[in-house]
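Coordinate inspection notes
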Amino acid sequence: MKKMIFAVLALSLSVASLYSWAESAAFKSDSPDEYVVVKGDTLWGISDMFLESPWMWPEIWHANPDIDNPHLIFPGDVVRLVYIDGQPRLTVDRTVRMAPGGDAKLKPTIRVMPLEEAIPAVPLDKIATYLSRSQIVMPDEIEGSPYMLAGPERRLIVGKGDVGYARGTFDDEIDNYNIYREGEKFVDEETDELLGIHALGVGGARVDNVQGEVGTLMITRSYEEIRAGDVLLPARERSVDSIFYPSAPDFPIEAEILAVEGGVTKIGKMDIVIVSKGDRDGVQVGNVFQVYVRGELVDDRVAGERIQLPDERAGLAMVFSTFDKLSFAIVMEATRPMAVGDALRNP
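First, a word on what this report is: a plain description of the structure on this page.

Conventions we followed
- Residues numbered from 1 in each chain as written.
- Predicted model: local features only at pLDDT ≥ 70, side-chain atom pairs only at ≥ 80, totals over all residues.
- Heavy atoms only, no water.
- 1 Å grid on protein atoms, 1.4 Å probe; cavity = no way out; pocket = protein on both sides within 12 Å on 5 of 7 lines; lining within 4 Å.
- Points joined across faces, edges and corners; volume = space filled by probe spheres on them.
- Helix = DSSP H or I, 4+ residues; strand = E, 2+ residues; numbered from the N terminus.
- Nonpolar A, V, L, I, M, F, W, Y, C, P; charged D, E, K, R; others polar.
- Core = buried A, V, L, I, M, F, W, Y, C linked by side-chain atoms within 4.5 Å.
- Buried < 20%, exposed > 50% of the residue type's maximum accessible area, 1.4 Å probe, protein only.
- Contact = heavy atoms within 4.5 Å.
- Salt bridge = Lys/Arg side-chain N within 4 Å of Asp/Glu carboxyl O.
- Phe/Tyr/Trp six-rings, centres within 6.5 Å; stacked < 30°, edge-to-face > 60°.
- Lys NZ or Arg CZ within 6 Å of the ring centre and 35° of its normal.

**Topic: empty space enclosed by the protein**
Using the criterion set out here, one finds three cavities of 30 Å³ or more in the structure. In this structure, the largest cavity spans a volume of roughly 40 Å³. Of all the secondary structure elements, the ones that give two or more residues to the lining of the largest cavity are strand E10 (176–187), strand E11 (194–211) and strand E14 (231–234). Looking at which element gives the most residues to the lining of the largest cavity, the answer is E10, with three residues. Taken together, the residues of the lining of the largest cavity break down into seven nonpolar, no polar and two charged.

**Structural notes on the nonpolar core**
A general feature of soluble globular proteins is that nonpolar side chains tend to end up buried together. Phe 27, Trp 44, Phe 50, Leu 90, Val 122 and Phe 244 are the most contacted members of the largest nonpolar core, which totals 42 residues. Elements that contribute at least two residues to this core include exactly helix H2 (43–50), strand E2 (78–84), strand E3 (87–93), helix H3 (124–131), strand E15 (254–260), strand E16 (272–275), strand E20 (312–322) and strand E21 (327–334). Here the element with the most residues in this core is H2; it accounts for four residues. Filtering out sequence-adjacent residues up to four positions away, Phe 50 remains in contact with Ala 26, Phe 27, Lys 28, Ser 31, Pro 32, Asp 33, Glu 34, Tyr 35, Val 79, Leu 81 and Leu 90.

**Re the layout of surface pockets**
Taking a probe equal in size to a water molecule and rolling it over the atoms shows the remaining empty space. Considering only enclosed or pocket space, the largest pocket measures out at about 450 Å³ in volume. Along the wall of the largest pocket there are 21 residues; nearest its centre are Asp 188, Glu 189, Glu 256, Leu 258 and Ser 276. Contributing elements (two or more residues each) for the lining of the largest pocket: E10 and E15. Counting residues per element, the lining of the largest pocket draws most heavily on E15, which supplies five residues. Here the residues of the lining of the largest pocket are counted per class, giving seven nonpolar, two polar and 12 charged.

**Looking at the pattern of salt bridges**
Oppositely charged side chains can form a pair if their charged atoms are brought close together. Within the structure shown, the criterion is met by 17 salt bridges. A salt bridge links Asp 299 to Arg 306; the shortest N-O distance between them is 2.7 Å. Here Arg 345 and Asp 311 are joined by a salt bridge, their closest N and O atoms 2.5 Å apart. Of this pair, Arg 345 sits in strand E22 (residues 343–345) while Asp 311 sits in the loop between strand E19 (305–308) and E20, placing them 34 residues apart in sequence. The partly exposed category is assigned to Arg 345, whose relative accessible area is 22%. When salt bridges with common partners are traced through the structure, they connect Glu 254, Arg 294, Asp 311 and Arg 345 into a single cluster.

**Regarding the packing of aromatic side chains**
Tallying each qualifying case throughout the model produces three aromatic pairs. Between Phe 170 and Tyr 177, the ring centres sit 5.9 Å apart and the planes meet at 85 degrees, which makes this aromatic pair edge-to-face. Ring pairs connect the aromatic residues Phe 320, Phe 323 and Phe 328, which therefore count as one cluster. Between the NZ or CZ atom of Arg 345 and the centre of the ring of Tyr 292, over which it lies, the distance is 4.7 Å.

Structure (structure tokens):
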């Protein structure tokens, strides 16, 4: 995976829309006048100090005309709450400049920092590990793919550094494969349409030799035990967005949490969830959803019947990777535990 460059870009809005939004009490009443950025910060976390809805930071970010690239924020920079034409805005006072190749101006008191030291928009380390392992696939992507047979001495489990054997049709031009374990199949309950299959990455391998249908592999990495039956798919570098444009979907949409990474029963902050909507539904990377816990079905003893309680807000989730019919999202805020089956709606 490429070395990710952390950055955040401002979004431009019309004066009218900015005025309307600023009137909606976007800033917290107890927000600080300024904040000095430290290593480990994220823009979401900093925005949460100032804003009632931290995902809306691009809409009030004010580009400093004295800095060529004001949208990169480094440890030591000072984020300030200012008023421009009577409207509150966030600005950054640069105390560093980027290393050679960057485009920030040099000033006498400015320190030099490499571009990759810029703080991320969201905790990308939480996402990167997951992206490097998992994806959503369809049956035609795994049908006919090579699969693991065994290790040396008839071992059914292998790991990094072991020799392994796989059976199937190998492409002469592909030497490296990712190894996946076929996981849960997601089906639309109303239409019975298959939405996708969760393929959990368990390792990687290099093909050293092929004789007939059997390939001899060197296991180059393993996240857990690699077993007979695990599927080999060509290793392709996946594009990972490191620049996020947080935004509400620009049309009404409702989705559902179908699964959670790690198989936990209660979902909380920083957990990764699989969402029931994807590219074809208009979901985009950066889309923010409000999570609602489904209301319970309770007994009305007076009326002698059962009634559904209202759904309750429980947090925010931001989409960071999309597939055709499904998406991955990270829970950015949680005011109460969530669970599989809870709803995601426009914030």
